[in-house]
Structures are given as structure tokens and as C-alpha cells.
Amino acid sequence: MLIGQKICLGPFLSGDSTAMFNWLNTLTLAHLNGSYRPNDQMSFDRWFSSFGDDRSRVMFAIRNQGDLRLLGYVQIANIHPVCRTCEMGILIGDTTDHGQGFGTEALQLALCHCWNDLNLNRVTLYVHGDNPCAVHVYGKVGFAEEGRMRDAGYVDGRVVDVVVMGALRPTGIQPITSSQQRRSE
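As the structure is a computational prediction, the values presented were derived from the model and not from experiment.

Parameters and conventions
- Residues numbered from 1 in each chain as written.
- Predicted model: local features only at pLDDT ≥ 70, side-chain atom pairs only at ≥ 80, totals over all residues.
- Heavy atoms only, no water.
- Core = buried A, V, L, I, M, F, W, Y, C linked by side-chain atoms within 4.5 Å.
- Buried < 20%, exposed > 50% of the residue type's maximum accessible area, 1.4 Å probe, protein only.
- Helix = DSSP H or I, 4+ residues; strand = E, 2+ residues; numbered from the N terminus.
- Contact = heavy atoms within 4.5 Å.
- Pairing = 2+ DSSP bridges.

## Regarding the nonpolar core
Leu9, Ile62, Ile76, Met88, Tyr138 and Phe143 are the most contacted members of the largest nonpolar core, which has 32 residues in total. Where this core is concerned, the elements lending two or more residues are strand S2 (7-10), strand S3 (58-64), strand S4 (70-80), strand S5 (85-92), helix H4 (102-116), strand S6 (122-128), helix H5 (132-140) and strand S8 (158-168). If you tally residues by element for this core, the top one is H4, at eight residues. Those residues in contact with Phe143 that sit more than four places away from it in its chain are Met88, Leu111, Val123, Leu125, Tyr138, Met165, Gly166 and Ala167. Phe21, Leu29, Phe48 and Met59 belong to the second-largest nonpolar core, a separate cluster that totals 13 residues.

In C-alpha cells, the structure reads:
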């Protein structure tokens, strides 16, 4: 478990699936990440139960430090160990939890996990250009805008730009070498 000041990142519990299913089927939340496409229960259950099966992905439940209530998730996906790259995504499910700093802290913890535990060098994420709050938060934790894909997204009946952002391993964190990795195993 990764512990911050307000939140902690850890595994999902079976009771988390109901909240996740509801969030993924909420129109306004879907529009923050792309086009709305409803999830059916059987496909969702397969996806939710497969979190630990995919070695190219790490899924963390974001929980409130005080009561361990599920706030959302952060996903590290498409992990490429040779190139030492991945993609990241985040969702804070309940809109009353937006703007509380939970997402910022979750991203910071997830980035530290990428550098220190997964030995990655680069993290990429994609965000809609018309979501300035998200762009601001990503910039606050170390992501830089690297480009803009014009008219690459479709949300709520309109075409939007998609901003490509990237974070690089801080210079003070040295990569783990293969000989160091063999000694620790």
C-alpha cells in the first residue's frame, strides 16, 4: 500500500466493484475521458476480476486515508519494461470529491511508484484539451505538455483536441540496473 497524507493507494476489494461500475456508466464522468459507451455487467465483471492478470498494467484503488472509502482509481497501463515507458490514467468518481487534492496526491504516489518500483523512465498521458483543470493538475505533479492532436477526440457530440503530456524520471533517481535487480530477487 502506498500511503500519502490524505489518501492511500492499494488493491481493490470485491465490494469496490459496484462503485466502479456506476462511475464507468456515469455520463458526465465518461465525458471527462472520452465518448460515452455504457458498460454491461458481464464485460465489466471480467475486466474488474482481471486486474492482477495483466503484467502490463497496475491498477490502484484510491482510498480516503481517514475511513478507507473508495475515491477512485489510478491506472498505470501499457508498461513496457524494455523501453521503460507506460501510460497513466486517473478517475475520482464522486464529483463531491473533486477539487480536494485527492487526484493530485494519487498521481504523485503513482509517479513515485513508476520511478522507484517499476524502474520506468517515462510516463505518458492523454487529456482532452477542453479540460483545463486536469491539464493544471497534471502539470502540478510534473507532466509537461508535449503536443496536441487536433480533433482527435469526440465528446458529447463535438470534436475536441487531445493533449499529449509526459513526465520523465527525475534526475536524482537512478535507474535500477539488471545486476541490482538480480541481487534483490
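## Let's talk about the pairing of S4
For a regular strand, side chains alternate in direction, first toward one face of the sheet and then toward the other. Buried residues dominate S4, accounting for nine of its eleven residues. With six bridges connecting them, S3 and S4 associate as antiparallel partners. Note that in S4 the partner of Met59 across the bridge is Gln75. Counted between consecutive antiparallel strands, the loop separating S3 from S4 contains five residues, among which Leu68 sits at a positive phi close to 60 degrees. Pairing of S4 with S5 involves seven bridges; the strand directions are antiparallel. Note that in S5 the partner of Ile76 across the bridge is Met88. Hairpin connection, S4 to S5: the antiparallel pair is bridged by four residues, and Arg84 has positive phi, about 60 degrees.

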